[in-house]
Amino acid sequence: QVQLVESGGGLVQAGGSLRLSCAASGTILSINRMAWYRQAPGKQRELVAVITSGGSTNYADSVKGRFTISRDNAKNTVYLQMNSLKPEDTAVYYCSARIYNLVLGDEDDYWGQGTLVTVSS
């Protein structure tokens, strides 16, 4: 069917950078919005950044100026470049995409399995 696979998480020191990737595959007709969420221990999942099919972006206030979301439509892939990382950025990061599934004949939100980002102080 449809699958989202994330990569790029890991351990980094405060002030460092990481780049997350999320590739969508399967019975995809089109992809609308793509987004990154994160969930820190003991906290609710929160929206980090979103990008529309046209390239418009929006960010959580906590990451503005440090994170950049982008997408490669030819590869069905969304990226999150994270700079100037802080310990409070530590979380499991999930990608999400609104995809029109060819087999099911409808549009729905799909999620990746998550990738852990740990920022040490």
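All chains use their own residue numbering, which begins from 1 and follows the written sequence. Whole-chain, interface and lining totals are the exception, using all residues; otherwise, since this is a predicted model, local features are given only for residues with pLDDT of at least 70 and side-chain atom pairs are given and counted only at 80 or more. Values shown for side chains rest on all heavy atoms present in the structure; no hydrogens or waters enter the calculation.

Let us now look at the overall build of the chain. Elements are defined by DSSP. Helices are runs of H or I of four residues or more, strands are runs of E of two residues or more, and each kind is numbered from the N terminus. What the chain contains, in helices and strands, is 0 helices and 11 strands. The helix and strand sequence of the chain, counted from the amino end, reads β-β-β-β-β-β-β-β-β-β-β. Here the C-alpha atoms of the chain give a radius of gyration of 14 Å, agreeing with the 14 Å that 2.2 N^0.38 yields for 121 residues. When a residue's accessible area, from a 1.4 Å probe over protein chains only, is under 20% of the maximum for its type it is buried; when over 50% it is exposed; and in between it is partly exposed. Taking all 121 residues of the chain together, 42% fall into the buried category. Residue contacts are defined here by distance: any two heavy atoms, one from each residue, within 4.5 Å place the two residues in contact. Partitioning the contacts of the chain with sequence separation of at least 6, the portion at a separation of at least 24 is 56%. Residue-level accessible areas treat just the shown protein chains as cover; the underlying method is Shrake-Rupley with a 1.4 Å probe. Looking at the chain as shown, the accessible area adds up to about 6,300 Å², and 47% of this sits on carbon and sulfur atoms. The chain carries 11 positive and 10 negative side-chain charges, and their two centres are separated by 6 Å. Restricting the calculation to C-alpha atoms gives the radius of gyration, and the globule rule supplies 2.2 Å times the number of residues raised to the power 0.38. Charged-residue counts in this description rest on Lys and Arg as positive and Asp and Glu as negative, His and the chain ends being excluded. Charged groups are reduced to one reference atom each: NZ for lysine, CZ for arginine, CG for aspartic acid, CD for glutamic acid.

What follows is about the state of the cysteines. Cysteine sulfur atoms are paired as a disulfide whenever they come within 2.5 Å of each other. Under the definition given, this model contains 1 disulfide. Here Cys22 connects covalently by a disulfide to Cys95, the sulfurs 1.9 Å from one another. Classification of the bridge connecting Cys22 and Cys95 rests on its S-S torsion, roughly 40 degrees, and on that basis the disulfide is right-handed. Taken as a pair, Cys22 in strand β3 (residues 18-26) and Cys95 in strand β9 (residues 91-101) lie far apart in primary sequence, 73 residues in all. Overall, Cys22 belongs to the buried group, its relative accessible area being 0%. Residue Cys95 is classed as buried on the basis of its relative accessible area of 1%.

With that out of the way, let us pick up the environment of Val92. Within the fold, Val92 resides in strand β9. Considering only alpha carbons, one finds Val92 and Leu116, 24 residues apart in sequence, at a separation of 4.3 Å. If we ignore the near neighbours within four places in the chain, the residues touching Val92 are Tyr37, Arg38, Gln39, Gly114, Thr115 and Leu116.

The phi angle of most residues is negative, glycine excepted, and most peptide bonds adopt the trans form. Although it is not a glycine, Asn76 sits at a positive phi angle of roughly 50 degrees. In this structure, Asn76 sits in the loop between β7 (67-72) and β8 (77-82). In this structure Asn76 comes out as partly exposed when scored by relative accessible area, which is 25%. The backbone phi angle of Ser84 is positive, close to 50 degrees, even though this residue is not glycine. Within the secondary structure layout, Ser84 lies in the loop between β8 and β9. We classify Ser84 as partly exposed; its relative accessible area is 40%.

Taken by themselves, the reported measurements are silent on function.
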